[in-house]
Amino acid sequence: MTTTLRPAGPEEAHSDGGRDRRWLVCANGRPVGSVRTGARPHGTHLTGRIAELEIFEGRRRGRGTIAVLAAEEVLRAWGCYRAEVTVPAEAAPAHALALALGYTETNRKLLKRLGRAPAPRADLMVRQIDADAFPDWLAATKAEYRRHLVGSGLTEAQAHELCEADHSQLLTRGHATEGVVLRLLISEGRPVGSLWLALSGARLPDGTPRAWVMTVEVPPEERGSGFGRELMLLAERECLAAGIPALGLNVYTANQVAIGLYDSLGYRITARVLAKAL
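Residues numbered from 1 in each chain as written. Predicted model: local features only at pLDDT ≥ 70, side-chain atom pairs only at ≥ 80, totals over all residues. Heavy atoms only, no water.

### Overview of the overall build of the protein
Here comes step 1: Looking only at helices and strands, the protein has six helices and 13 strands in total.
Here comes step 2: With the principal axes as the frame, the protein shows a C-alpha extent of 70 × 35 × 30 Å.
Here comes step 3: Residues counted as buried form 46% of the 278 residues belonging to the protein.
Here comes step 4: Of the accessible surface of the protein, which amounts to about 14,200 Å², a share of 53% is contributed by carbon and sulfur atoms.
Here comes step 5: Charged side chains of the protein number 35 positive and 31 negative; the gap between the two group centres comes to 7 Å. (Helix = DSSP H or I, 4+ residues; strand = E, 2+ residues; numbered from the N terminus. Buried < 20%, exposed > 50% of the residue type's maximum accessible area, 1.4 Å probe, protein only. Areas by Shrake-Rupley, 256 points an atom, 1.4 Å probe, with all protein chains shown as cover. Lys, Arg positive; Asp, Glu negative; His and termini not counted. Charge placed at Lys NZ, Arg CZ, Asp CG, Glu CD.)

Given below as structure tokens:
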């Protein structure tokens, strides 16, 4: 029995150079499932994504495996250097399939439904990241982001391009970007950490408003004093003050210290992101 992909509709082209297409998974010419391929530019490189894989007839016959491998060939033909898949936390079979095909978990998406956040520590102060503080903060934030990207499998050049593209898109007006919270945590007159929070207007599937932690940074020499926890609680207070009862974030799998912190604060995995070099 031959399993192949057949276009389910026309290709969608995007103004930024990205592209998407939905495919039927066919066994001997008969549709038994579907999958979507996508490509998005990151600087001069294209990152591929495989999504919405569904086998609705004849599961456990290897059709999902063949569909993913065929989707990878599509992404290679499109010029993608890397394929990513996002697997919901509850989708154990899909996670096992990705691992079997050579994908490696790079990061996790977490979520918390917020209640009442504890009061701030009396020995700490919070300041806005203003026009004067923004350049130094941005340089440090970019450096940390590039480090994580390289750790997740990108080259130095790819990490630099993606970093510049993401920050240009997300901070269009610098420290004054609308819907963005930028804060410094101060202890004994010195900065000991920073928070970048996006009050983006995004919503969960049930309609609940959700904010997103972009970065929480504590310098290496200041770690171990609870500043990371305090920054996360600050993020929760900012959300609640804005009327947003849910907070999400991304954490790199290699950052086990941060994963332990988020787990202790009640954040739970909603999805895993896995990647594979093409």
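### As for the pattern of salt bridges
Here comes step 1: Applying the stated rule across the entire model yields 23 salt bridges.
Here comes step 2: Across the pair Glu57 and Arg30 runs a salt bridge, and its minimum N-O distance is 2.3 Å. You can see Glu57 sitting in the loop between strand S5 (45–55) and helix H1 (63–77) and its partner Arg30 sitting in strand S4 (residues 30–42), a full 27 residues away along the chain.
Here comes step 3: One salt bridge in this structure joins Lys142 and Glu164, with 3.1 Å as the shortest N-O distance. Taken as a pair, Lys142 in helix H3 (residues 134–151) and Glu164 in helix H4 (residues 156–170) lie far apart in primary sequence, 22 residues in all.
Here comes step 4: Among the charged side chains, a network of salt bridges with common partners joins Glu12, Arg22, Arg36 and Glu52. (Salt bridge = Lys/Arg side-chain N within 4 Å of Asp/Glu carboxyl O.)

### Details of the nonpolar core
One broad trend across soluble globular proteins is that nonpolar side chains are buried collectively.
Here comes step 1: Formed by 28 residues in total, the largest nonpolar core has its most connected members in Leu197, Val213, Met232, Leu247, Leu249, Tyr262 and Tyr267.
Here comes step 2: Where this core is concerned, the elements lending two or more residues are strand S9 (180–187), strand S10 (190–203), strand S11 (209–217), helix H5 (227–241), strand S12 (246–252) and helix H6 (256–264).
Here comes step 3: With seven residues, the single largest contributor to this core is H5.
Here comes step 4: Setting aside anything within four residues of it in sequence, one finds Leu197 in contact with Gly179, Val180, Val181, Ala211, Trp212, Val213, Ala235, Glu238, Cys239 and Leu247.
Here comes step 5: Grouped together as the second largest cluster of nonpolar side chains are 25 residues, Val32, Ala39, Leu46 and Val85 included. (Core = buried A, V, L, I, M, F, W, Y, C linked by side-chain atoms within 4.5 Å. Contact = heavy atoms within 4.5 Å.)

### Observations regarding the environment of Thr86
Here comes step 1: Locating Thr86 in the fold gives a position in strand S6 (residues 80–88).
Here comes step 2: A sequence separation of 35 residues divides Thr86 from Ala51, and the C-alpha atoms of the two residues are 7.3 Å apart.
Here comes step 3: Excluding its chain neighbours within four sequence positions, the residues that come into contact with Thr86 are Ala271, Arg272 and Val273.

### Structural notes on H5
Here comes step 1: In this model H5 runs 21 Å from its N-terminal to its C-terminal C-alpha over 15 residues, within 8% of the 21 Å that 1.5 Å per residue would give.
Here comes step 2: Of all 15 residues in H5, eleven are buried, a share of seventy percent or more. (Expected span 1.5 Å × (residues − 1).)

### Focus: the side chain of Asp166
Here comes step 1: Relative to the helices and strands, Asp166 resides in helix H4.
Here comes step 2: Buried within the structure, Asp166 lacks any salt-bridge partner; Arg49 is the closest side chain of opposite charge, at an N-O distance of 8.1 Å.
Here comes step 3: Within the structure, Asp166 has its side chain in polar contact with the side chain of Tyr145 (distance 2.6 Å). (Polar contact = N/O pair within 3.5 Å; in protein donor to acceptor, adjacent residues only side chain to side chain.)

### What to know about the pairing of S11
Here comes step 1: Note: S10 against S11, seven bridges, orientation antiparallel. Looking across to S11, one finds that Arg203 is bridged to Pro209.
Here comes step 2: Counted along the chain from S10 to the antiparallel partner S11, the turn is five residues long, and its residue Gly207 has a positive phi close to 95°.
Here comes step 3: Across four bridges, the pairing between S11 and S12 is parallel. For Arg210, the partnering residue across the bridge sits in S12 and is Ala246.
Here comes step 4: This β-α-β element, S11 to H5 to S12, shows right-handed connectivity. (Pairing = 2+ DSSP bridges. Right-handed = clockwise from strand over helix to strand, strands pointing away.)

### Brief notes about the side chain of Glu238
Here comes step 1: Note that Glu238 resides in helix H5.
Here comes step 2: Of note is the side chain of Glu238, whose polar atom sits 3.2 Å from the side chain of Arg183.
Here comes step 3: Excluding anything up to four places from it in sequence, Glu238 contacts Val181, Arg183 and Leu197.

### Describing H6
Here comes step 1: Among the residues of H6, Ala258, Ile259, Leu261 and Tyr262 are the ones counted as buried. Across the axial projection of H6, the buried residues extend over an arc of 160°, all falling on one side.
Here comes step 2: The elements touched by buried residues of H6 are strand S7 (104–113), H5 and S12.
Here comes step 3: Two residues or fewer after H6 comes Gly266, characterised by a positive phi angle close to 100°. (Arc of directions from axis to C-beta.)

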